[in-house]
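Secondary and tertiary structure notes
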Amino acid sequence: MAKKSGLLGYLYLAGMALVVIGCFLPLSSHFGGNLKGATAVSHIGDGGIMSISAILALVGAAAGIALCFVPVKNAKLLKLVSVIVSVAGGIYVVANTNSTAFKIAAKVTSAHIGLGMAVIIIGWVLALVGWVLHKD
């Protein structure tokens, strides 16, 4: 593993780890915050473009974690690419679950952002801040 410079060196790793953890947590919460609901990983079995985008979100984050431990050329650029891939996959999953039918169902069940989505967003922000502030 590359030498880390204090806390800033671990922000990227912590952010990408949060994204992976968030993929296994519910993306939305219903009826007062229960922990049952669709996760990013549960979209993988759906087939089609939704599966591909959920895989991109998870694999992009996992690749970012791996890049923290494996010495490669252009690691900083590859880490940025892994964040971009993860964000692009995650945005596609969220954009497609925000269809009109989903919005109506969310109003009926009083759904709001779930723990998984919050953890994923925090992870993306931490990873980007860590990428910007870390000097390779």
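Throughout what follows, the structure given in this document is the object of discussion. It should be emphasised that the depicted structure is a prediction, and the values quoted were computed from it without experimental measurement.

What counts and how
Residues numbered from 1 in each chain as written. Predicted model: local features only at pLDDT ≥ 70, side-chain atom pairs only at ≥ 80, totals over all residues. Heavy atoms only, no water. Helix = DSSP H or I, 4+ residues; strand = E, 2+ residues; numbered from the N terminus. Buried < 20%, exposed > 50% of the residue type's maximum accessible area, 1.4 Å probe, protein only. Core = buried A, V, L, I, M, F, W, Y, C linked by side-chain atoms within 4.5 Å. Contact = heavy atoms within 4.5 Å. Axes fitted to C-alpha atoms, helices over the stretch in contact; angles between N-to-C directions. Parallel < 35°, antiparallel > 145°, perpendicular 65-115°, else oblique. Left-handed = near helix turned anticlockwise from the far one by under 90°. Nonpolar A, V, L, I, M, F, W, Y, C, P; charged D, E, K, R; others polar.

Although it is not a glycine, Asn 74 adopts a positive phi angle of roughly 60°. One can find Asn 74 in the loop between α2 (49–69) and α3 (75–97). Exposure remark for Asn 74: the relative accessible area of 57% places this residue in the exposed category.

Bringing the nonpolar core into the picture now. Counting residues in hydrophobic clusters, the biggest one holds 13 residues, and the most contacted among them are Tyr 12, Met 16, Val 19, Ala 61, Val 83, Ile 120 and Ala 127. Of all the elements in the fold, those that place two or more residues in this core are α1 (8–22), α2 and α5 (115–133). It is α1 that provides the largest number of residues to this core, a total of five residues. For Ala 61, the residues in contact, after removing those within four places along its chain, are Met 16, Val 19, Val 20 and Ser 86.

Between two packed helices, both the angle of their axes relative to each other and the distance between the axes serve to describe the pair. In the contact formed by α1 and α5, the axes pass within 7 Å of each other and the chain directions differ by 155°. Considering their axes alone, α1 and α5 lie roughly antiparallel with respect to each other. Of the two elements, α1 crosses α5, and the hand of that crossing is left-handed. Touching Leu 8, Leu 11, Tyr 12, Gly 15, Met 16, Leu 18, Val 19 and Gly 22 of α1 are Gly 116, Val 119, Ile 120, Ile 122, Gly 123, Trp 124, Leu 126, Ala 127, Val 129, Gly 130, Trp 131 and Leu 133, all from α5. The class makeup of the residues in the contact of α1 with α5 is 15 nonpolar, five polar and no charged.

Residue position: Cys 68 is located in helix α2. Under the relative-accessibility criterion, Cys 68 is labelled buried at 2%. Separated by 11 residues in sequence, Cys 68 and Lys 79 have C-alpha atoms that sit 8.3 Å apart.

Read these as layout, nothing more, since geometry by itself doesn't imply function.
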